[in-house]
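# Fold and contact review
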Amino acid sequence: MKVLQAWKSSSWKVKTLIILASLYLLYVLLGFFLAPGLVRDNARQALADLTGRQVTIDEVKINPLVLSATVNGFSIQDDQTEVLLGFNQLYVNFQLSSLFRWSWHFDEVMLDALTVRAQRNPGNTFSFDDVLTHIQEQLAQTPEEDAPEPEQKEPGLPAISIANLSLTGGDLRFTEATGDEPEKLVLPLAFTVSNFSTKGKGENSNDYAIRLEGPDGGVLDWQGHFEFAPFIALGHLDVEKVDLVSLAKLLKNEVRFTVPSGELDVETAYHFVAQPQPKVVLSNGQVILRQLQLLKPGEDAPSVSLPTVRVEGVALDSLAQEVKIPKVTVTEPALGAVLDEQGIDLATLFLPADRQAAEERVEEVKEKAEQAAQKVQEGKADWIVRLDTLQVDGSGLRFTDRTLQPAQTLTLSDGQLTLKNLIIGEPATFTWEGSSKIQQNGTLEHSGEGNLTPFSIDAQAGLKGLPLAPLSPWLEREAPLALASGVLSLESRASVKGENADVTVSANASLENFSLLENGESLLKINQGSVTDLSLTTAEQTVRIGEVGLTGMDLANRVDAQGRDVATRIQAGMPSGKTGERRGASEQGQSEPWQVTVDRVRLVGSQIRHEDLSLSPNFRIGLYQLSGNLRNLDTRPGRRATIDLNAQVDRYAPLSIEGSLTPEPLFTDLKVSLKNYEMTGLTPYTGQYLGYKVEKGQLGVTTGVSIEKNQLSSDTDILANEFYLGEKVPSEQAVKAPVKLGLSVLRNRSGEITLPVSMAGNLDDPSFSVGGMVLKVLSNIVVKAATAPFSVLSALAGGKNLENIAFSPGEADIQPDTASALDALAKVLNERPQLRVGLIGTTNEVDRTALAAQAIGRDVADDDWLGIDNALLEKKWRRKLIRRYESSTDRDVESLVSNPLPEDDEQRETVLARAAWESMLATGAKGLDRAQLTELARLRGENAKAELVQTLGIEQNRVFLNETNVDGNVAGLTLTLEK
């Protein structure tokens, strides 16, 4: 009652003060005790409803006296990372003066120990995916507000200002859990913003500083200033000593390499404006990469090593879509490429380990690259990138091929490259120059200029002193060949132009001390080789060479014991399927063949050696001091090349080849001359085909060879001087003939054998072989000379075949015809002084008849007998013939005649006399004493020898009387020849 009375008795001022004090007390009590709980519970529930996650707020404190609020222990729970978002404390200090500023002003907003955590799981899902989905569902259930009237302007940003906005002790945590073991990245986070204001435009408003410290000492400092309405941000970003090792661990399932070391610095000034169009401008940008290494698991040496990469003065304008890079410097970069059964590792380092994902990535990158290249070609690139200078110092490349056993390595070192004015997106000419060492000894220098839009490149390169021996393992894998030595030098210019990238190349090359081995033995050596004035054009598919020069070439062609030549052995030694693959690729190709022209091939001081180990003894022959020219070699149809070569066969026998030839269609017109070749070298062939070694002899050959329309024709003159066979050699292929005699028949008094040999044949006939035809013709000539020598010698005998010399029947005296034949024989023997002749006295049936006739004549007429024809003309001889028959046979002569006898006595007597003669002649010839025939044959031989020796002057020891032959085929002499 007293209180009520006091209240009633109080003045209105006291009452007002009491009411205000009570309200203030209520405000304080609500602020301190009731509001924190309501805010905590409502905020926790609202956030839980929004995110679908459990939300924890440990404590909310409100100080109504200073208008501040503190939130402690806030977190959004996560089953995978424990906390999705959380902080230890949020402190907000609101200023009452905001009521008089018509804006929300905070003296301080401070956030302590903010943590944001995320985790990526297999299947490229994230730990917060469900939160995003839940939020989207909540927003979808919220009724849409009516769209504002067209003329109604959207309200601007609320007026908010914060004197000091800061974050301390925060971190960002990301867990990569797609692999076998999770990898975590923790980035400490802190920042301050001074005088933040959504309306402020002064220099001292909205200044901010953000600092991130990496787990291994890297620091991000981000300082600047921003404004609203319109939004403008400018400042400076500085990233120092960012450890790339930790960052790379997050990519271990995306790429196939690890990062053992690497440090990154990034620095740039930036300026962003939102109106009238969004625009970002970067200036004075700098990127420094230090000690970056990319290591393929299982390797000892890094695949990529970048000690220092410095990018300076980078400028970017997003509105103009232009990037300017004044200078990029790369110091001592090194690449290590490894080729194994899966390919080159550098091509796969940046692909996922999963095969399917890698294939998808390759296709995606390939498609984007093709699109970008097309835009660059058309000058329609989205961005223009200008690189003023790229400087590479001390670069190296190490290529290791593990498909070889053992593995082999090639190196490029001390590389230098300067590239200037490279612009992507608009026409411009860039230039470059550079150099490097190859395998420590070779040097490569290159330079040029080009354009990306439209695409063109003009380049020149010089290669000096490249050793070829290190390349041998790759050749040995493909064929049984090895590069033992050789140094290559090359000067070239190349041009690439147009959408089809047509290439034009001009070059000169030289080769020194080249040595190629086949199965460990020398196949080809070249002291000095050169290719000059080479030009190549892909658009026209032509290759032209001014000159190919070979000095001191040594080519060894071997036929092994199995009869395989070099080409056959190389093909047999190649990996299975290689030749078929190449042939198949060639057959599938539909492009026109290339045209190749060589103006001149020049040979100086060279040699070609041939060795055939399939013969016993082995055959060896060589062309030494080989010099000359082949001119106008051309693959185009109908173009004729000329050849002019000179050599010494086995270092002493002159050989010359001259003429013309055409590869397509095949045409040759060649003249070949060989002189004074020592034929002892042909023993392997004479032993195989003739059965004898060569004792001595010199060979000369002059031949003309013509091929036209695949028809070969050849006329050859062979001269063998003092050609003699020696020791006999067993051979199943040797001809069965007295070849020594044949050669003696062919050899003239000067010791020479001259043989004209003509050949013709169709090269399309698979059975036709030039080599086989030559041997066949020569063998046939020798065999014929051995088996039918007199037919071969008939030319020397005036066309007479002297195998037989006829005598008059029953006679041994030398008659004119016989004398003529013996004279021809003497001429042959004089021309063939090595020959000896054997005389075989021979009789036959004609001699029997003649001797029987002589015996009857002596009985009938003694020395007056003039022959049967004369005898029948006289009566007395007719009667004597009849009486002799009747007395010797005791038969009537008329019994010999079966036909009626003539009425006339003389005619009757003549018929009976002839019948008696013929009967006595047949009986006499049949019963002739063999001794008479032998004696006739003997006398014929003796008389012929006497004629040859005494009259015709033939040495007695060259004429032999052989055993007589009775009842032979010849009435006279049969001749034999002996050596």
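Here's what I pulled together on the structure shown here. Small disclaimer: the values here were computed from a predicted structure and weren't measured.

Thresholds applied
- Residues numbered from 1 in each chain as written.
- Predicted model: local features only at pLDDT ≥ 70, side-chain atom pairs only at ≥ 80, totals over all residues.
- Heavy atoms only, no water.
- Helix = DSSP H or I, 4+ residues; strand = E, 2+ residues; numbered from the N terminus.
- Buried < 20%, exposed > 50% of the residue type's maximum accessible area, 1.4 Å probe, protein only.
- Contact = heavy atoms within 4.5 Å.
- Areas by Shrake-Rupley, 256 points an atom, 1.4 Å probe, with all protein chains shown as cover.
- Pairing = 2+ DSSP bridges.
- Phe/Tyr/Trp six-rings, centres within 6.5 Å; stacked < 30°, edge-to-face > 60°.
- Lys NZ or Arg CZ within 6 Å of the ring centre and 35° of its normal.
- Axes fitted to C-alpha atoms, helices over the stretch in contact; angles between N-to-C directions.
- Parallel < 35°, antiparallel > 145°, perpendicular 65-115°, else oblique.
- Nonpolar A, V, L, I, M, F, W, Y, C, P; charged D, E, K, R; others polar.
- Expected span 1.5 Å × (residues − 1).
- Core = buried A, V, L, I, M, F, W, Y, C linked by side-chain atoms within 4.5 Å.
- Patch = residues over 30% accessible without salt bridge, like charges linked within 9 Å, V, L, I, M, F, W, Y side chains within 5 Å.
- Salt bridge = Lys/Arg side-chain N within 4 Å of Asp/Glu carboxyl O.
- Left-handed = near helix turned anticlockwise from the far one by under 90°.

## A closer look at the overall build of the protein chain
If you tally the helices and strands in the protein chain, you get 19 helices and 39 strands. Of all 979 residues assigned to the protein chain, the portion counted as buried reaches 38%. In the protein chain, the proportion of contacts linking residues at least 24 apart, taken out of those at least 6 apart, comes to 58%. Of the accessible surface of the protein chain, which amounts to about 54400 Å², a share of 54% is contributed by carbon and sulfur atoms.

## Focus on the pairing of strand S15 (residues 322–331)
The pairing of strand S14 (residues 304–317) with S15 spans eight bridges and is classified as antiparallel. Within S15, the residue paired with Thr-308 across the bridge is Thr-331. What sits between S14 and S15 in their antiparallel hairpin is a turn of four residues, with Gln-321 showing a positive phi close to 50°. When S15 meets strand S18 (residues 384–401), the two strands line up parallel, connected through nine bridges. Bridge pairing in S18 links Lys-324 to Arg-386.

## Re the packing of aromatic side chains
Evaluation of the coordinates by the stated rule reveals five aromatic pairs. Sitting over the face of the ring of Phe-667, Arg-640 holds its NZ or CZ atom 3.7 Å from the ring centroid. Lying across the ring of Tyr-724, Arg-747 places its NZ or CZ 3.7 Å from the centre.

## Comments concerning the packing of helix H15 (residues 845–861) against helix H19 (residues 930–951)
Contact geometry for H15 and H19: axes closest at 11 Å, N-to-C directions at 110°. As summarised for this structure, H15 and H19 are arranged roughly perpendicular, according to the angle between their axes. Listed contacts from H19 to Asp-847, Arg-848 and Leu-851 of H15 are Gln-932, Leu-933, Leu-936 and Arg-940. Taken together, the residues of the contact of H15 with H19 sort by class into three nonpolar, one polar and three charged.

## Looking at helix H11 (residues 739–746)
Across the eight residues of H11, seven count as buried, placing the element largely inside the fold. Every buried residue of H11 is listed here: Val-739, Leu-741, Gly-742, Leu-743, Ser-744, Val-745 and Leu-746.

## Here we look at the sheet that holds strand S39 (residues 972–978)
Hydrogen bonds between backbone groups are what pair the strands of a sheet, and the pairing can be parallel or antiparallel. Taken in spatial order, the four strands of this open sheet run S36-S39-S37-S38, and their pairing is mixed. Every interior strand has two partners, whereas the edge strands, strand S36 (804–806) and strand S38 (959–965), have only one. For this sheet, the mean angle separating the axes of adjacent strands, direction not counted, is 25°. Pairing analysis gives seven bridges linking strand S37 (residues 836–842) to S39, with the strands arranged antiparallel. Across the sheet, the residue bridging to Gly-838 is Thr-976, located in S39. Its contacts with the sheet put helix H14 (residues 816–831) on S36, S37 and S39, and the angle it makes with S36 is roughly 150°.

## Thoughts on H14
With 16 residues, H14 ought to run about 22 Å at 1.5 Å a step, and its terminal C-alpha atoms sit 23 Å apart, in line with that. Looking at H14, one finds that the buried residues are Thr-818, Ala-821, Leu-822, Ala-824, Leu-825, Ala-826, Val-828 and Leu-829. Against helix H13 (789–792), S36, S37, H19 and S39 lie the buried residues of H14.

## Some words on the nonpolar core
Counting residues in hydrophobic clusters, the biggest one holds 52 residues, and the most contacted among them are Tyr-677, Phe-723, Leu-825, Val-837, Leu-948, Leu-975 and Leu-977. For this core, the element with the highest residue contribution is H14, accounting for seven residues. Residues in contact with Leu-975, not counting those within four places in the same chain, are Phe-790, Leu-802, Glu-803, Ile-805, Leu-825, Val-837, Gly-838 and Leu-839. One finds Phe-257, Leu-292, Ile-325 and Leu-422 within the second-largest nonpolar core, a separate group that totals 31 residues.

## Some points on a nonpolar patch on the surface
Judged by side-chain polarity, Leu-85, Val-116 and Leu-172 come together as a nonpolar surface patch covering roughly 180 Å² of accessible area. Looking at where Leu-85 falls in the secondary structure, it is placed in strand S3 (residues 82–94).

## A short note on unusual backbone geometry
For the bond from Gln-405 to Pro-406, the omega torsion is -5°, close enough to zero to count as cis. Tracing the chain through its elements places Pro-406 in the loop between S18 and strand S19 (408–424). The omega torsion across Ser-616 and Pro-617 is -5°, close enough to zero to call that bond cis. As for its placement among the helices and strands, Pro-617 is situated in the loop between strand S28 (595–612) and strand S29 (619–634). Look at Asp-414: it is not a glycine, yet its phi comes out positive at around 50°.

## Some thoughts on the pairing of strand S30 (residues 641–649)
Side chains Ala-641, Ile-643, Leu-645, Ala-647 and Val-649 of S30 all project onto a buried face; the interleaved residues Thr-642, Asp-644, Asn-646 and Gln-648 project onto a face where none is buried. One ladder, built from seven bridges, connects S29 with S30; its direction is antiparallel. Of the residues in S30, the one forming a bridge with Gly-628 is Leu-645. Where S29 folds back onto S30 in an antiparallel hairpin, the turn is made up of six residues, including Gly-638, whose phi is positive at roughly 85°. Examined bridge by bridge, S30 and strand S31 (residues 653–662) share nine bridges and lie antiparallel to one another. Opposite Thr-642, over in S31, you have Ser-660 as the bridge partner. Between S30 and the antiparallel strand that follows it, S31, lie three residues; Asp-650 among them carries a positive phi value of about 50°.

## Topic: the pattern of salt bridges
This model, assessed by the stated rule, comprises 40 salt bridges. Between Glu-322 and Arg-386 there is a salt bridge; the shortest N-O distance is 2.4 Å. Of the two residues, Glu-322 is situated in strand S15 and Arg-386 in strand S18; the sequence distance between them amounts to 64 residues. Judged by its relative accessible area of 21%, Arg-386 falls in the partly exposed class. For Asp-560, the salt bridge is made with Arg-564, and the minimal N-O distance between the two is 2.8 Å. A residue is classified by how much of its surface remains accessible, and Arg-564, at 36% relative accessible area, is partly exposed. Through salt bridges with shared partners, a single ionic network connects Glu-521, Arg-558, Glu-611 and Arg-620.

## A few points about the side chain of Thr-329
In this structure, Thr-329 sits in strand S15. What makes Thr-329 buried here is its relative accessible area of 15%. If near-sequence neighbours (up to four positions away) are discounted, Thr-329 is found in contact with Thr-308, Val-309, Arg-310, Glu-312 and Gln-391.

## Here we look at the environment of Val-259
Here Val-259 lies in strand S12 (residues 258–273). Given a relative accessible area of 9%, Val-259 falls into the buried group. For the pair Val-259 and Leu-292, spaced 33 residues apart in sequence, the C-alpha to C-alpha distance is 7.3 Å. Those residues in contact with Val-259, other than ones at most four positions away along the chain, are Leu-244, Val-245, Ala-248, Leu-292, Gln-293 and Leu-294.

## Comments concerning the environment of Leu-613
Here Leu-613 shows up in the loop between S28 and S29. Between the C-alpha atom of Leu-613 and that of Arg-564, which follows or precedes it by 49 residues, the distance is 9.4 Å. When near neighbours in sequence (up to four residues on either side) are disregarded, Leu-613 contacts Val-559, Asp-560, Ala-561, Asn-618 and Arg-620.

## Section: the side chain of Thr-70
Locating Thr-70 in the fold gives a position in strand S2 (residues 68–78). Those residues in contact with Thr-70 that lie beyond four places of it in its chain are Glu-59, Val-60, Lys-61, Gln-89, Leu-90 and Tyr-91.

## Some details on the packing of H15 against helix H17 (residues 875–889)
Working note: a packed helix pair is described by the angle between its axes plus the distance between those axes. The geometry of H15 relative to H17 is characterised by a closest axis approach of 10 Å and an angle of 110° between their N-to-C directions. Classified by the angle their axes make, H15 and H17 are roughly perpendicular. Here H15 and H17 pass one another in a crossing that is right-handed. The residues of H17 that touch H15, namely those facing Ile-856, Asp-859, Val-860 and Ala-861, are Trp-877, Lys-880, Leu-881 and Arg-884. Partitioning the contact of H15 with H17 into residue classes produces five nonpolar, no polar and three charged.

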